[in-house]
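Read off the chains here:
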Amino acid sequence: MNKKIIGAIVGLAAILVAAGVQSGMQKAAKNKVPTVGVMQFMSHPALDQIYQGIRVGLDEGGYKVGKDVKIDFQNAQGDQSNLKTMATKFANEKTAVAVGIATPAAVSIANTIKTSPVVFSASTNPIGAKLVKNYAHPGGNVTGVSDQAPLAEQLAMMKKFMPDLKTVGIIYTSSDDSATTEATKFEKLAKAAGITVKMYSIASSNDLNQTSLQMVADHNVQAVFVPTDNTIAGAMTTLIKNTDEAKVPVFPTVDTMVTDGGVASESINQKQIGVETGKMIAKILDGSKPATTPVEFMKHGDLVINKAQADKMGLTIPSDMMKTAKFVGSEGK
């Protein structure tokens with residue numbers, strides 16, 4: 001066999017080997033299971049429901065956890081120092097998508113990861129939190145699902161329970177952007193409806209006992225509204241102990257807070273927020289860009305009532321509500 005033929009064979013073999021290697025690399029890249037980093041701000045039933053919903057939404061979007069996608073789950077336990085550490089971990093891992101459950105977690109991730117996709121779940125005011133500039137066209141590497149409560153529905157429900165409602169107290173955490181946003185919006189709605197509003201803010205859960213005692217000591221406060229507030233949600237027993245003693249009903253925005261002693265809520269379904277977030281993550285894994293993926297909002301709440309608490313407060317549940325409500329507390333067990 002002459003040298004030309006041998007050279008041609010060797011050259012062809014080299015081409016085939018190179019092609020095989022390239023094909024193998026492409027298949028490996030295609031078959032590589034992406035990692036989604038999920039950071040939850042703190043442990044709380046509402047946020048836990050969102051995380052479970054994310055797993056369901058990913059599955060519905062074609063990504064079964066453990067098979068088609070890996071999840072690196074981190075819980076900051078409400079510690080601000082943990083937020084930065086965990087966000088940096090996601091950045092170093094080059095996660096395919098980084099997800100923040102609740103505004104503080106989302107903001108920390110967005111401040112750390114500037115190019116790869118970031119998705120928030122349960123941020124009440126994404127523009128105010130500087131996560132996005134526009135809801136329809138986010139424009140950057142961040143988008144997500146808001147947990148903004150249907151506040152007009154909430155106020156209408158409270159007035160059905162208490163037709164003679166004249167003064168309402170609003171208690172919220174001043175450092176929680178979501179809570180502050182909803183508190184301010186509800187204040188405007190209540191004033192427009194001719195209701196006097198008294199605002200009470202706390203800096204941390206350590207302030208809740210004293211501030212709530214101060215609030216219920218004002219005998220003009222007939223009811224309390226609690227916005228979507230992670231700090232108060234985690235310390236509801238403190239608030240309810242003081243409001244129960246004063247016979248002042250509490251109307252929060254989250255179903256788990258109703259279970260913990262609130263009377264009723266037009267509650268956003270926390271698990272469904274997670275499901276929609278999971279579906280959004282799946283679309284991004286499929287190639288959608290956060291810049292052109294609109295922020296999603298839950299348009300209506302689910303009426304949730306704690307009948308035992310309503311009875312304790314001497315409130316009659318309207319008949320139409322009895323037919324449509326989900327009952328929690330002892331009735332829901």
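All values derive from a computational prediction rather than experimental measurement.

About the thresholds
Residues numbered from 1 in each chain as written. Predicted model: local features only at pLDDT ≥ 70, side-chain atom pairs only at ≥ 80, totals over all residues. Heavy atoms only, no water. Helix = DSSP H or I, 4+ residues; strand = E, 2+ residues; numbered from the N terminus. Buried < 20%, exposed > 50% of the residue type's maximum accessible area, 1.4 Å probe, protein only. Contact = heavy atoms within 4.5 Å. Pairing = 2+ DSSP bridges. Axes fitted to C-alpha atoms, helices over the stretch in contact; angles between N-to-C directions. Right-handed = clockwise from strand over helix to strand, strands pointing away. Salt bridge = Lys/Arg side-chain N within 4 Å of Asp/Glu carboxyl O. Core = buried A, V, L, I, M, F, W, Y, C linked by side-chain atoms within 4.5 Å. Parallel < 35°, antiparallel > 145°, perpendicular 65-115°, else oblique. Left-handed = near helix turned anticlockwise from the far one by under 90°. Nonpolar A, V, L, I, M, F, W, Y, C, P; charged D, E, K, R; others polar. Phe/Tyr/Trp six-rings, centres within 6.5 Å; stacked < 30°, edge-to-face > 60°.

### Regarding the overall build of the protein
No. 1: Counting its secondary structure elements, the protein contains 13 helices and 13 strands.
No. 2: Counting every position in the protein, which comprises 333 residues, the buried fraction comes to 50%.
No. 3: A separation threshold of at least 6 residues defines the contact pool for the protein, and within that pool the share at least 24 residues apart is 72%.

### Details of the sheet that holds strand β5 (residues 142-146)
No. 1: The strand order across the open sheet formed by six strands is β2-β1-β3-β4-β5-β11, and the pairing between neighbours is parallel. Since the sheet does not close on itself, it has two edges, and those belong to β2 (70-75) and β11 (296-297), each with one partner.
No. 2: Of the strands in this sheet, β1 (35-40), β3 (97-101), β4 (118-121) and β5 are in contact with helix α4 (residues 103-112), which crosses β3 at around 150°.

### Observations concerning the pairing of β1
Each regular strand shows side chains that alternate between the opposite faces of the sheet.
No. 1: Among the six residues in β1, five count as buried, and that is most of the element.
No. 2: In this region the chain leaves β1, passes through helix α2 (residues 45-60) and returns to the parallel neighbour β2; the handedness of that crossover is right-handed.
No. 3: Sheet topology places β1 next to β3; five bridges connect them, and they run parallel. Note that in β3 the partner of Gly37 across the bridge is Ala98.

### Overview of the sheet that holds strand β10 (residues 264-267)
No. 1: Pairing is mixed across the open sheet formed by three strands, whose spatial order is β10-β12-β13. What marks the edges here is a single partner per strand, and that holds for β10 and β13 (326-327).
No. 2: Looking at chain direction, β10 and strand β12 (residues 302-305) are connected through four bridges and run antiparallel. What sits directly across from Glu266, in β12, is Leu303.
No. 3: Across the face of the sheet, helix α5 (residues 151-161) comes into contact with β10 and β12 while running at roughly 155° to β10.

### Examining the pattern of salt bridges
No. 1: Summed over all chains, the structure comprises 10 salt bridges.
No. 2: Measuring nitrogen to oxygen at the nearest pair gives 3.3 Å for the salt bridge that ties Lys312 to Asp244. Of this pair, Lys312 sits in helix α12 (residues 307-312) while Asp244 sits in helix α9 (residues 236-245), and the two are 68 residues apart along the sequence.
No. 3: Looking at Asp244, the relative accessible area reads 17%, which means it is buried.

### Considering unusual backbone geometry
No. 1: For Ala102, which is not glycine, the phi dihedral falls at a positive 90°.
No. 2: Despite not being glycine, Lys130 shows a phi value in the positive range, around 60°.
No. 3: Mapped onto the elements, Lys130 comes out in the loop between β4 and β5.
No. 4: Taking the relative accessible area as the measure of exposure, Lys130 reaches 75% and is therefore exposed.

### Regarding the nonpolar core
Side chains of a nonpolar character, in soluble globular proteins, are inclined to be buried together.
No. 1: Val36, Met39, Val97, Val99, Ile109, Ile281 and Leu285 are the most contacted members of the largest nonpolar core, which has 45 residues in total.
No. 2: Looking at this core, the elements with two or more residues in it are β1, α2, α3 (80-93), β3, α4, β4, β5 and α11 (270-285).
No. 3: With six residues, α11 is the single largest residue contributor to this core.
No. 4: When residues no more than four places from it in sequence are discounted, the contact partners of Val36 are Val69, Lys70, Ile71, Asp72, Val97, Val99, Ile281 and Leu285.
No. 5: Leu151, Met157, Ala179 and Ala223 belong to the second-largest nonpolar core, a separate cluster that totals 30 residues.

### Re the pairing of β5
No. 1: Taken across its five residues, β5 has five buried, putting it largely inside the fold.
No. 2: Two strands pair when backbone bridges link them, and β4 and β5 are joined in this way by four bridges, in the parallel orientation. Looking at the pairing, Phe120 lines up with Gly144 of β5.
No. 3: Relative to β11, β5 runs parallel, the two sharing two bridges. Paired with Ser146 across the strands is Phe297, a residue of β11.

### Quick word on the packing of α3 against α4
The geometry of a pair of packed helices is captured by two quantities: the angle between their axes and the separation between those axes.
No. 1: Taken N-terminus to C-terminus, the directions of α3 and α4 make an angle of 50°; their axes are 9 Å apart at the nearest point. Accordingly, the angle class assigned to the pair α3 and α4 is oblique. For the element pair α3 and α4, the recorded crossing hand is right-handed. Residues Leu83, Lys84, Ala87, Thr88, Phe90 and Ala91 of α3 form the contact with α4, whose own contacting residues are Pro104, Ala105, Ser108, Ile109 and Thr112.
No. 2: Residue classes in the contact of α3 with α4 are distributed as seven nonpolar, three polar and one charged.

### A look at the packing of aromatic side chains
No. 1: Considering all chains together, one arrives at four aromatic pairs under this definition.
No. 2: For the pair Tyr135 and Phe297, a centre-to-centre distance of 4.9 Å together with 80° between the ring planes defines the contact as edge-to-face. With a gap of 162 residues between them, Tyr135 in the loop between β4 and β5 and Phe297 in strand β11 connect regions that are remote in the sequence.
No. 3: Given the relative accessible area of 30%, Phe297 is considered partly exposed.
No. 4: Seen in terms of ring centroids, Phe161 and Phe251 are 5.8 Å apart; in terms of plane orientation they differ by 55°. Their pairing is tilted. In this pair, Phe161 is assigned in helix α5 and Phe251 in strand β9 (residues 250-252), connecting sequence segments 90 residues apart.
No. 5: Residue Phe161 is classed as buried on the basis of its relative accessible area of 5%.

That's the geometry; what it means functionally is another story.
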